[in-house]
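Examination of the molecular architecture
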Amino acid sequence: MPLYPDAEGKVRANLRTLESGGRAMLVAIGTFTERQLDDINAVRRGLRLHEIKSREIVFIGRHLHASRAKDGYTLDDIWMQIEAALSSASVVFANPKMTALENPQGRADGYGNTVHDRAIFECTQRKPRAELFSVIPKGDGQKPITKKAHPWVSLPGDDLG
């Protein structure tokens, strides 16, 4: 499996830190499969971009938090998006402006959509590793309802109803 056993805890901790206004740390959350890395590098070579030398994927979460939270997605939703997008079944989706993996298997997102989760990577700043920059649930025409207080941060006894 491309995700490390402790990846979920690290991702959730970073996103909670960002939600509370803190600064999240760079953490390693998994790896590309050999096939994914080979395919990514073949496409990047064809586009005259540098190759990714390491299979390891790192994560901070600033952009992902900002983009998915504004759409009203919960922490559980975001974790499911990441888990699906970084599946060993995911395939390369790249162009001169983006390197990504997309899961070809549709997933019911709980909001009435069947989505194909896409992981977007930043491939320059964290050389030789790729940073999971964002996830996009492609096909999410019906997004969750945005609440005033985001549902990720709650105290015991809060009624988020």
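Cut-offs used in this document
- Residues numbered from 1 in each chain as written.
- Predicted model: local features only at pLDDT ≥ 70, side-chain atom pairs only at ≥ 80, totals over all residues.
- Heavy atoms only, no water.
- Salt bridge = Lys/Arg side-chain N within 4 Å of Asp/Glu carboxyl O.
- Helix = DSSP H or I, 4+ residues; strand = E, 2+ residues; numbered from the N terminus.
- Buried < 20%, exposed > 50% of the residue type's maximum accessible area, 1.4 Å probe, protein only.
- Phe/Tyr/Trp six-rings, centres within 6.5 Å; stacked < 30°, edge-to-face > 60°.
- Lys NZ or Arg CZ within 6 Å of the ring centre and 35° of its normal.
- Contact = heavy atoms within 4.5 Å.

With respect to the pattern of salt bridges
Under the definition given, this model contains 10 salt bridges. Measuring nitrogen to oxygen at the nearest pair gives 2.6 Å for the salt bridge that ties Glu-102 to Arg-118. Separated by 16 residues along the polypeptide, Glu-102 in strand 4 (residues 98-102) and Arg-118 in strand 6 (residues 114-122) bring together distant segments of the chain. Residue Glu-102 is classed as buried on the basis of its relative accessible area of 17%. For Arg-118, a relative accessible area of 9% corresponds to the buried category. Here the salt bridges do not stand alone but share partners, grouping Glu-8, Arg-12 and Asp-76 into one network.

Brief notes about the packing of aromatic side chains
Applying the stated criterion across every chain, the model contains two aromatic pairs. Look at Phe-32 and Phe-121: their rings are 5.0 Å apart centre to centre, the planes differ by 65°, and that puts the pair in the edge-to-face class. Linking Phe-32 in the loop between strand 1 (27-31) and helix 2 (34-46) with Phe-121 in strand 6, this pair joins segments that are 89 residues apart in sequence. A single burial state applies to Phe-32 and to Phe-121, both of which are buried. On the basis of an interplanar angle of 80° and a centroid distance of 5.9 Å, the ring pair of Tyr-73 and Tyr-111 is categorised as edge-to-face. Of the two residues, Tyr-73 sits in the loop between helix 3 (62-70) and helix 4 (75-85) while Tyr-111 sits in the loop between strand 5 (107-108) and strand 6, which places them 38 residues apart along the sequence. Given a relative accessible area of 1%, Tyr-73 falls into the buried group. Its relative accessible area of 24% is what places Tyr-111 among the partly exposed residues. It is Arg-118 that lies over the ring of Phe-93; its NZ or CZ is 3.6 Å from the centre.

Points about the environment of Gly-139
Counting through the fold element by element, Gly-139 comes out in the segment after strand 7 (130-138). With 23 residues separating them along the chain, Gly-139 and His-116 place their C-alpha atoms 6.8 Å apart. Setting aside residues no more than four positions away along its own chain, Gly-139 makes contact with Asn-113, Thr-114 and Val-115.

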